[in-house]
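Chain by chain, the residues:
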Amino acid sequence: MPKRAKMNPGAAAPVATDIVLVGGGHSHVAVLKRFGMRPVPGVRLTLLSRDLLTPYSGMLPGLVAGHYRTEQAHIDLRRLSRFADARVIHAAATGIDLAARKVLAAGRPPIGFDILSLDVGSQPDVRGIVGAREHALAIKPVDLFRKRWAEAERDCLANGGRLRVAVIGAGAGGTELSLSLRHRLRGLLGRAGVEDGVEVTLLAEGSEAVASHAPAVRRRMTRLLAERGVRLLAGRRVVAVRPGGVDAVSATGQRTAIECDVAIAVTHAGAPEWLRGCGLALDDAGFVRVRDTLQTSGDAHVFAAGDVASFDARPLPKSGVYAVRQGPVLAENLARLAAGRSLRSYRPQPLTLALISSGDRNAVASWGRLALEGRWVWRVKDRIDRRWMRKYQELPRMGDEALPHGASDRDRGGPGPFEGAGARAPGRALGTGGDGVAAELISAAAMRCGGCGSKVASAVLHRVLGRLPLTAHPDVLVGFRGGDDAAVLRLPPDKLLVQSVDHFRTFIDDPYLFGRIATNHCLSDLFAMGAEPRTAQALVTLPFAAPDKVEQDLYDLLSGVSEALAEVGAALVGGHTAEGPECALGLAVNGVGDSVLQKTGAAHGDRLVLTKALGTGVVFAADMRAEASSDSVGAAFASMLRSNATAAGLFREFGATSCTDVTGFGLLGHLVEMLRAGEVDAELELESVPRLPGTDALVERGVRSSLHAANAAFGAALDGLDAGDPRVALLLDPQTSGGLLATVPVERAGECSAALAAAGVEAAQIGTIRAASPGGRGRVRAS
């Protein structure tokens, strides 16, 4: 597994220029790799992507046919971004505000940019096919296609091997897909011992399949379709998709109904619809017009590459070959523009080699008028594809230092796309103030004051507070809006005031997400004691940067905080902001209650109930070294973003006798504290303890959080389990925004678990409280 490359030297410099990459296409993976190898001081790279596992188009037919596993045919964008020291925002772009220089994204605040690059691909254009959006399965997005296709395979097996498939579109993509699906289903049914009753029909609007290729290629593919059992219906333009079939018309207007169970759209490429109305220069089909520098025709600070780009110089086919070749040019031009240098031209190759697979390990090579066929062609294709993927899957290991900006790949024995005048001027950055901003900021950073001289500027703070959607609360008499020196609260009569505070530095690169997670974490102290949150004050530290960058980061961070508070009926009423070496956030939280739950109170026979799976410490320790998969990190984020509010209410309802939240000391540490406070022991059912996906493998590889060694002291309380057992590592793993650990009377534990599940709370019964052993308390017997 690759280890974390040396931190980007540019990351230590104040941010002067924000480059935002929208989409994780083939060109952008090249940009990420190049910036990781040669960072640019003062430049912050951000990837905004709907998907963090991006498929390589060249391997998609082989993936569908079953020749490749998912991980072999996908690039993990989070790991690659970690290598590049790029921020990752896992969200779908929904628009661009060119005037405000912001990208709009689903479910979060907009992302500001100085330079923007689009590599969002294309999707099948089904605008002229009635019912296609409702009833057809589009080949893109690939993850959704594969999920729905898996359902079709299950139906095929359940129906005794019968499945009728209609593939709409007989270009190279549709032809390859129909052959790959036929091969896959033949193998699936053969392994299951089920009779093959599959029918695959390929619908071509023209007179032949792969019509854009030479006659020799078309003849070979037509023969292969027939030999592999795919029916080709040429001269049929599909006009409608309906449940149970598609309708097509011929050139003479004759209508044909083709019955099918699954209709798959692999039509010609269509542009993402959200681009319309963004103010970018688009061609008639909605693709972004670009010049030879890959800059858009109307805005020199916006670039586009891959399928989404429409090359002004000459039309280019929508093919991954061009996106791959555009990547190095795009990477260099982004760096050059940030440095205020002249840009390089992209010159597309006049001919491209197409290797069209036929489902089984056979392929046809298409080069101009030349056509070659055989299993050896597939082996060549496989070798080319695997070699390209290795560049982005096998990243330099720890100790392979990143090259400074201006060094070239020739220092490693390869070509250097960052070479040239623009590549040899580190510190000159565009930013919002023109050339030289980065150098000025780096100089200013060395002379920053401490004390009150380190506060965030008043103008920045007031602009952020003016934009925040702060929640009002009836108990808040004086809050943010008044500008007073302190908040004033009214305490409800006969209520207990419950207070807590927590603070930690960021472990992720999205301030909005960090704000939400940190808030959930801090509120869990209140939930563990059965209190209802009322207010919070924030202590924020942000790195020195250009004022507009500080403002955007502060707004994103506090947006996350205020939204998480609002979801549980609490309000942000004050705080303090300061400059520091890195982003950090603390919250002082207040809540009220009629009574409180404490760590004391557990009784013999009570069942231990844990909400949320363990493993956030291990996952993010691996993530820091670019060793965690996007799936593991995504599962950890999803867990940390879930509030413990619902679980806390249900524990009170079902008579929990004690409760705590599982955070820095790990499950074992917090359990031991609970047992000692209650003067009892516990039996822990190890196999019932929930674990985040991928954590077992990370633990087996020796990945540990930095606090693990200190938490190991709690291992002395364990009986019946060797300290070297990998399962112990997760018991000691420090959790961020972890779950609640409660003791519930055994007679109500089943009802409580059922209620938690019905409310959508992940929970498990993981053990039983026992009377203290002679001569001690707080022992944990593992079983």
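Use the structure listed above.
## Structural notes on the pattern of salt bridges
Next, step 1: Here the structure, examined in full by the defined rule, presents 51 salt bridges.
Next, step 2: Asp-623 is paired through a salt bridge with Arg-82; the nearest N and O atoms lie 3.0 Å apart. Remark: Arg-82 occurs in helix H4 (residues 77-83) and Asp-623 occurs in helix H15 (residues 616-624); sequence separation between them is 541 residues.
Next, step 3: The exposure class of Asp-623 is buried, given its relative accessible area of 0%.
Next, step 4: The residue Glu-673 makes a salt bridge to Lys-599 at a minimum N-O spacing of 2.8 Å. Of this pair, Glu-673 sits in helix H18 (residues 666-678) while Lys-599 sits in the loop between strand S31 (584-593) and strand S32 (607-611), placing them 74 residues apart in sequence.
Next, step 5: Each of the salt bridges in this network shares a partner with another, and the network as a whole consists of Asp-18, Arg-44, Arg-87, Asp-114, Asp-548, Lys-549 and Asp-553.

## Considerations on the sheet that holds strand S21 (residues 302-304)
Next, step 1: Pairing is parallel across the open sheet formed by 5 strands, whose spatial order is S5-S2-S1-S9-S21. Only two strands of the sheet have a single partner each, and these edge strands are strand S5 (87-90) and S21. Ignoring strand direction, the axes of neighbouring strands in this sheet form an average angle of 20°.
Next, step 2: Of the pairings in the sheet, the one linking strand S2 (residues 43-49) to S5 comprises 4 bridges and is parallel in character. Its bridge partner being in S5, Thr-46 is matched across the sheet by Arg-87.
Next, step 3: The sheet contacts of helix H1 (residues 26-37) involve strand S1 (17-22), S2 and strand S9 (115-118), and relative to S1 the element is tilted by about 145°.

## Brief notes about the pairing of strand S16 (residues 245-249)
Next, step 1: Among the 5 residues that make up S16, 5 are buried, leaving the element largely enclosed by the rest of the structure.
Next, step 2: Taking every second residue as pointing to the same face, both faces of S16 are buried, with Gly-245, Asp-247 and Val-249 on one and Val-246 and Ala-248 on the other.
Next, step 3: Bridge count between strand S15 (residues 237-242) and S16: 5 bridges; the pairing is antiparallel. If you follow Arg-237 over to S16, its bridge partner there is Val-249.
Next, step 4: Hairpin connection of S15 to S16: 2 residues between the antiparallel strands, including Gly-244 at a positive phi of 90°.
Next, step 5: Relative to strand S17 (residues 255-259), S16 runs antiparallel, the two sharing 5 bridges. When the sheet's bridge partners are listed, Ala-248 is paired in S17 with Thr-256.
Next, step 6: What sits between S16 and S17 in their antiparallel hairpin is a turn of 5 residues, with Gly-253 showing a positive phi close to 95°.

Reading the values: the criteria
- Residues numbered from 1 in each chain as written.
- Predicted model: local features only at pLDDT ≥ 70, side-chain atom pairs only at ≥ 80, totals over all residues.
- Heavy atoms only, no water.
- Salt bridge = Lys/Arg side-chain N within 4 Å of Asp/Glu carboxyl O.
- Helix = DSSP H or I, 4+ residues; strand = E, 2+ residues; numbered from the N terminus.
- Buried < 20%, exposed > 50% of the residue type's maximum accessible area, 1.4 Å probe, protein only.
- Pairing = 2+ DSSP bridges.
- Axes fitted to C-alpha atoms, helices over the stretch in contact; angles between N-to-C directions.
- Contact = heavy atoms within 4.5 Å.

As far as function goes, none of this settles anything; it's purely spatial.
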